[in-house]
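Remarks on the overall topology
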Amino acid sequence: MVLDLLSHNPLLTATVLFVALYLQWYRNRLKSVDHLPGLRVAFSPLSLPGALLPTSSWNPGLGWYWQWRTTAYMNHENDIISIVPFVFGKPLYYTCSSKVAQHLLSNETKVNLEKPKLLSRVFLLWGESLISANGNLWKKFRRLLAPAFTPQTFSLVFRESVAIYREMLAEQGWDRENEAAIDDVGQLALRMTLVVLARCGFGVPLSWSEEATTDGSIPFGESLNVVCHTHIERLVIPNWAYKLPIQRLQHMDKAWKALGVYMRELIAARRSAIDSTSIEAQTEKGDLFTRLIEALDEDARIGLEESEVIGNTFALMFAGHETTARTLTATLGYLALYQDEQAKAYSEIVQLLGSRTELTLEDVTKMDFIHGCFHEALRLHPAGPMLPRDLTKDVYVELQHPYPRTMCLPKGSRVIIDMIGIHHNPHTFPEPERFKPSRWEGVPEHEVTMFGWGPRACIGRKFATTEAVTVLALFLRDWMLEVALEPGETIQTYQERVMGQSRLLGLAFGVETVPIKFCRRHPL
Ligand code: HEM
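From a predicted model like this one, the values you see are computed outputs, not experimental measurements.

Cut-off values and rules
- Numbering of residues starts from 1 in each chain and follows the order in which that chain's sequence is written.
- A pLDDT threshold of at least 70 governs which residues receive local features in this predicted model, and a stricter bar of 80 or more applies before side-chain atom pairs are shown or counted, although totals over entire chains, interfaces and linings include all residues.
- In computing side-chain values, all of the structure's heavy atoms are included and hydrogens and water are not.
- The secondary structure listing takes helices from DSSP runs of H or I that are at least 4 residues long and strands from runs of E that are at least 2 residues long, numbered from the N terminus.
- Relative accessible area decides the class of each residue, using a 1.4 Å probe on protein chains only: under 20% of the type maximum gives buried, over 50% gives exposed, and in between gives partly exposed.
- Note on contacts: a residue pair is in contact if any heavy atoms of the two residues lie within 4.5 Å.
- Between rings of Phe, Tyr and Trp, where Trp is taken as its six-membered ring, a pair exists when centres lie within 6.5 Å; planes separated by under 30 degrees are stacked, by over 60 edge-to-face, and by other angles tilted.
- Whether a charge sits over a ring comes down to the Lys NZ or Arg CZ being within 6 Å of the ring centre and within 35 degrees of the ring normal.
- Every patch collects residues that have over 30% relative accessible area and no salt bridge, joining them within 9 Å if they carry like charges and within 5 Å if they are nonpolar side chains (Val, Leu, Ile, Met, Phe, Trp, Tyr).
- For every accessible area listed, the method is Shrake-Rupley and the probe measures 1.4 Å; residues are considered covered only by the protein chains on display.
- In the sections that follow, a salt bridge refers to a side-chain nitrogen of Lys or Arg positioned within 4 Å of a carboxyl oxygen of Asp or Glu.
- Only nitrogen, oxygen and sulfur atoms qualify as donors, provided they sit within 2.8 Å of the metal or within 3.2 Å for Na, K and Ca; with water excluded from the atoms, sites may seem incomplete.
- Near, as used in this document, describes a residue that has one of its heavy atoms within 4 Å of the molecule or strand being considered.
- Between N or O atoms, a polar contact is any pair within 3.5 Å; within protein, one atom must be a potential hydrogen donor and the other a potential acceptor, and residues adjacent in sequence are included only when both atoms are from side chains.
- To obtain an axis, a line is fitted to C-alpha atoms, over the contacting stretch when the element is a helix, and the angle between two such axes runs from 0 to 180 degrees between their N-to-C directions.
- Whether a crossing is left-handed or right-handed is set by the direction in which the near helix is turned from the far one by less than a right angle, anticlockwise for left-handed and clockwise for right-handed.
- Classification used: nonpolar for Ala, Val, Leu, Ile, Met, Phe, Trp, Tyr, Cys and Pro, charged for Asp, Glu, Lys and Arg, polar for all others including Gly.
- It is the directions from the helix axis to the C-beta atoms that the arc portrays.
- Each pair of strands is called paired provided DSSP finds at least two bridges between the two strands.

**Thoughts on the environment of Leu266**
Within the secondary structure, Leu266 is located in helix 12 (residues 247–273). Look at Leu266 and you get partly exposed, because its relative accessible area is 22%. If sequence neighbours within four positions are ignored, Leu266 has contacts with Val204 and Phe289.

What follows is the structure in structure tokens.
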């Protein structure tokens, strides 16, 4: 009778067939992750529709890493979960276990893990880079760039951080004030880290206040800022749309083009300045950029294409600028909130300086507690929130939760190292939501896992910490930090409103707007 009904109703037949095929398709997807518990949602958070739609119970979006951080892994009682979309996107494994992350990433060259090209598309718009490349190309970039992070570089980072702090005080007029209130300390941090990176990494003499261009083009800093904040739009908006009379789109297009022009001009200028001395000799006086440009003229085995120089320039600019700025902002916010921790940080400075007033790089390297403050803010708000990898062979991992066992992650699957899940995991970090810098006391640098694990761990870690600890020490030496409360607001509601609202901002993760008051420790 059912067959009879179907044979007389083609629409019904098609519907039944569609439902049967869909169920089979979905069953296969569940099977591909071995029915591991997790999230069953419409879109993968890594797909374009998933990323563009807001976070809701049926679409994790880009906000779930933070908003569901305590619940997504069933209160961290599962080291690994799966996300299986029922409409669009590849099934994924997510892990909140630092042991699993360490096992995968420490062996990543041995087991041939790959960074998914699809997720590096925003970098690939500029060319291959250390961040996007895999295999031999990655090795070539890493070998080329790693020697640029020398003690001379860190010494330059220290000097430029001190210089930019002074320029900031003068330009903002705070060198003549006993108090200052700032609506968003993040804007200051972004400018600082951009200037330090431009000067130390690329030899670009940016100053605190960017001067307007004479030909109406967008200045360098602004174009970089627009590019960092419009990468998803750039991937989805077709080229013809930029010709429409829509001011926002036209401005965006102008900024992307301007940044391309700046980068090419930068390359041409540096290329003509470089004489025939060797890379080693250039690096003595030079920087990251010198190494990249020198490699342009080398043979294909170690040399770079122009697009690779541009790709690496952009990647380093992004990786070194926003990440450090967002973490610096969060640290200042927490120190303003936690007055007792601020007092400990200040006493570290007083003890180290003694009767001196000026900091040295040696002082900065000894500031363990202030390093701890920076690391703790980074743990709470990891600037690189997820590290995706594709598996090119089966990999076995040891799990502890919900019970000890060995699990096979099959070839072809995609695993996301969830940096927020890992660094808010109470099994690794008791009282994970508390700002507690002392938890980093005596922890060796390579165990500060917010910079990643293994051969692909952050190449700029020391660059970032030297800069950030210098700037924090200067602020704390001169000023007491206080939270800038809204009328009727308490410390607790400030903490929830300001520090509780992290998200992906541009290309890094962090707190959005942090209002702070500065009061001079020794009034003028
Ligand atoms: C607070 C600041 C920073 C944080 C939290 C951070 C975080 C990270 C993390 C987690 C990775 C590993 C990515 C992965 O395994 O997929 C990474 C890689 C990288 N970082 Fe950083 N980073 C910071 C600052 C910097 C700075 C200042 C630079 C350069 C000046 C830089 C350049 C890079 C590059 C080029 C890579 C790719 C390395 C590779 O794949 O070999 N980062 N960073």
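Once you've had a look at it, read on.
**Some thoughts on the packing of aromatic side chains**
In the structure shown here, the tally under the stated rule is 20 aromatic pairs. Pairing Tyr22 with Trp25 gives two aromatic rings, centres 5.5 Å apart and planes at 40°, and the pair type is tilted. With a gap of 3 residues between them, Tyr22 and Trp25 both fall in helix 2 (residues 10–32), about one helical turn apart. In this structure Trp25 comes out as partly exposed when scored by relative accessible area, which is 34%. Through a chain of ring-to-ring contacts, the aromatic side chains of Tyr165, Trp174, Phe475, Trp479 and Phe518 assemble into a single cluster. For Arg69, the ring lying beneath its charged end belongs to Trp66, and the centroid distance is 3.8 Å.

**Topic: a nonpolar patch on the surface**
Taken together, the side chains of Leu5, Leu12 and Val16 make up a nonpolar region of the molecular surface, amounting to roughly 240 Å² of accessible area. Within the element layout of this structure, Leu5 appears in helix 1 (residues 2–7). Accessibility expressed as a relative area gives 53% for Leu5, which makes it exposed.

**Observations regarding the coordination of the iron atom of the ligand**
The protein supplies the iron atom of the ligand with one donor atom, Cys458 (SG), which lies at 2.3 Å. Mapping Cys458 onto the fold places it in the loop between helix 19 (419–423) and helix 20 (461–478).

**Brief notes about the site of the ligand**
In the vicinity of the ligand lie 26 residues, with Trp138, Arg142, Arg389, Arg456 and Cys458 positioned nearest. In the environment of the ligand, an oxygen atom lies 3.3 Å from a nitrogen or oxygen atom belonging to the side chain of Lys115. The contact in question runs from an oxygen atom of the ligand to an N or O atom on the side chain of Trp138, over 2.7 Å. Secondary structure elements with two or more residues in the shell around the ligand: helix 7 (135–145), helix 15 (306–337), helix 18 (368–380), strand 5 (386–390) and helix 20.

**Section: unusual backbone geometry**
Phi is mostly negative for residues that are not glycine, and the peptide bonds are mostly trans. With an omega dihedral of 10°, the bond running from His401 to Pro402 counts as a cis peptide bond. Within the secondary structure, Pro402 sits in the loop between strand 6 (395–399) and strand 7 (405–409). Phi is positive for His76, which is not a glycine, with a value near 60°. Within the secondary structure, His76 is located in the loop between helix 4 (64–67) and strand 2 (80–88).

**What to know about the packing of helix 9 (residues 185–202) against helix 15**
Interhelical geometry of helix 9 versus helix 15 gives an angle of 140° and a closest axis separation of 8 Å. In the packing of helix 9 onto helix 15, the handedness of the crossing is right-handed. Note on element contacts: helix 15 touches helix 9 through Thr313, Leu316, Met317, Gly320, His321, Glu322, Thr324, Ala325, Arg326, Leu328, Thr329 and Leu332, opposite Val185, Gly186, Ala189, Leu190, Thr193, Leu194, Leu197, Ala198 and Phe202. A per-class count over the contact of helix 9 with helix 15 returns 12 nonpolar, 7 polar and 2 charged.

**Digging into helix 21 (residues 491–499)**
For helix 21, the complete set of buried residues consists of Tyr494, Val498 and Met499. Axial view of helix 21: buried residues confined to an arc of 80°, hence all on one face.

**Remarks on the sheet that holds strand 12 (residues 516–520)**
Spatially, 3 strands are ordered 4-12-9 in an open sheet, and the strand pairing comes out antiparallel. Two strands in the sheet have a free side with no partner beyond their single neighbour: strand 4 (179–182) and strand 9 (479–483). In this sheet, neighbouring strand axes are inclined to one another by 20° on average, regardless of whether the strands run parallel or antiparallel. Bridge count between strand 9 and strand 12: 5 bridges; the pairing is antiparallel. If you follow Trp479 over to strand 12, its bridge partner there is Arg520. Running at roughly 85° to strand 9, helix 15 makes contact with strand 9 and strand 12 of the sheet. Along the sheet, helix 20 makes contact with strand 9 and strand 12, crossing strand 9 at roughly 95°.

**Description of the sheet that holds strand 8 (residues 414–418)**
The strand order across the open sheet formed by 5 strands is 1-2-3-8-5, and the pairing between neighbours is mixed. The sheet terminates laterally at strand 1 (38–43) and strand 5, the two strands that pair on one side only. When strand polarity is set aside, the average angle formed by the axes of neighbouring strands in this sheet is 25°. Lying over the sheet, helix 2 contacts strand 1, strand 2 and strand 3 (92–95), oriented at roughly 160° with respect to strand 2. Against the sheet, helix 5 (residues 98–106) engages strand 2, strand 3, strand 5 and strand 8, with an angle of about 125° to strand 8.

**Observations regarding the pattern of salt bridges**
Per the counting criterion, the structure on display carries 26 salt bridges. Between Arg326 and Glu322 there is a salt bridge; the shortest N-O distance is 3.8 Å. With Arg326 and Glu322 both in helix 15 and 4 residues apart, the pair spans about one turn of that helix. Among the residues examined, Arg326 registers a relative accessible area of 6% and is labelled buried. Taking relative accessible area as the criterion, Glu322 reaches 0% and is therefore assigned buried. Across the pair Glu489 and Arg497 runs a salt bridge, and its minimum N-O distance is 2.5 Å. Residue classification places Glu489 among the buried residues on the basis of a relative accessible area of 14%.

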